[in-house]
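Descriptive analysis of the structure
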Amino acid sequence: MIPAVATISSHSALQILKGARDEGLRTILLCLREREELYARFNLADRVIPINSVEDLLDKKVQSELLKENSVLVPHGTLISGGKLEEFERSFEPKVLGNKYIFRWEYDRNLKDKLLQESGLNVPRKLKSHTEISGPVIAKLPGAEGGRGYFIAKSPKDFEEKVIAVRKKGLLKKGEEDKIFIQEYIIGVTLYPHYFYSPLSHKVELLGCDRRYETSIDGLGRIGAKDQLDLDIIPTFRVIGNTPMVLRESLLMDIFSSGDGFVAASKRLVKPGSVGPFCLEMICDEEGKLFTFEFSGRIVAGTNLFISGSPYSDLIFGEPMSMGRRIAREIKKAAELGELDKVVT
Ligand code: AMP
């Protein structure tokens, strides 16, 4: 029996539901109560199960509904940022698309760094203490979502002054200074390739690429250099939206070898490895060298740009293929082959 696709009402839910419907799969929306009207406007869910918060996924009644429907939950960023990932690993019984054990590695900065290093990628250097700062670094605040309050510092003194400024803004609690993740700042162009690894074909596919548009760093170019100096701005990195990107074709070799390296390393460190959608967050420097500073072990919101497909998905499939649809196709194919266990945990 082909399973139904279930997801939570946020992030990339519309794309996931539409993709499942395009592949002929039944769709179930775990809908936050205040959003029921919004999602009804798109009419993409065959069944709506109301929830009060993401934590309701741990509720046995909600889980038993999902089990009765023979559904596969497609996880996205809202699940990861909700925390409680260990509890989710232990007590969420319905099937989850991909590897639910990798989400903790995405959430925890040190585990994340370990997996990226194991993948053989160039990872920006991590500093143990702000006293080691001797060139530009980016300071990532603990628990910050989407780059809010991150700042650039160029010396230990500069770092200390900016810590006081973010504390004043209420973005950092007293005593949390030690939890700031300090990383070498790479000057270049950010790029976020959207990959899909199929355990059925053993191939890594590239389905699209985006750039995140971040405030205020991406708005600085609108202010002249002199005014920038006078205004004494501390740029931050809060994600506001995504813009599409097509890469220089010669970069694709490195893009694919990075994706292959990540899948191989994840198989060694977090069994059964990265399955289905993932993203590597990269910066390309002036030499054309790629640095990877983050990964997402599930669908990323940047894929919402490509609901009717991207230049890359078109080259592979020749039909509109969003990440949501690619997920549904894999679930369908795996179920038809009797190999669903290969694509869920
Ligand atoms: P993150 O929370 O790690 O995804 O970072 C948020 C944003 O900060 C990214 O989208 C980049 O624009 C920027 N960023 C993160 N790490 C670095 C780095 N090592 N060098 C330059 N920019 C970075």
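Residues numbered from 1 in each chain as written. Predicted model: local features only at pLDDT ≥ 70, side-chain atom pairs only at ≥ 80, totals over all residues. Heavy atoms only, no water.

Here we take up the packing of aromatic side chains. Overall, the coordinates contain seven aromatic pairs when judged by the stated rule. One aromatic cluster is present, built from ring pairs that chain together Tyr-195, Phe-262, Phe-278 and Phe-295. Over the aromatic face of Phe-295 sits the side chain of Lys-112, whose NZ or CZ is 5.7 Å from the ring centroid. Between Arg-212 and the ring centre of Tyr-192, over which it is positioned, the NZ or CZ distance is 4.3 Å. (Phe/Tyr/Trp six-rings, centres within 6.5 Å; stacked < 30°, edge-to-face > 60°. Lys NZ or Arg CZ within 6 Å of the ring centre and 35° of its normal.)

Right, let's talk about the sheet that holds strand E6 (residues 126–127) for a bit. Strand order in the open sheet made by the four strands is E6-E9-E7-E8, with antiparallel pairing throughout. The open sheet is flanked by E6 and strand E8 (151–153), the only strands paired with a single partner. The pairing of E6 with strand E9 (residues 181–184) spans two bridges and is antiparallel. Residue pairing across strands places Lys-126 opposite Gln-183, the latter belonging to E9. Relative to the sheet, helix H8 (residues 156–168) contacts strand E7 (137–140), E8 and E9, its axis offset from that of E8 by approximately 155°. (Pairing = 2+ DSSP bridges. Helix = DSSP H or I, 4+ residues; strand = E, 2+ residues; numbered from the N terminus. Contact = heavy atoms within 4.5 Å. Axes fitted to C-alpha atoms, helices over the stretch in contact; angles between N-to-C directions.)

We now examine the domain arrangement of the protein chain. Considered domain by domain, the protein chain is made up of domain 1 (4–97), domain 2 (107–122 + 187–337) and domain 3 (126–184). A straight line from the C-alpha centre of domain 2 to that of domain 3 covers 25 Å. With twelve residues of domain 2 in contact, the opposing surface of domain 3 contributes 16 residues. Across the domain 2 to domain 3 interface the summed buried area is about 1,200 Å²; carbon plus sulfur atoms make up 57%. (Domains from an automatic or database assignment. Buried area = accessible area lost by both parts, 1.4 Å probe.)

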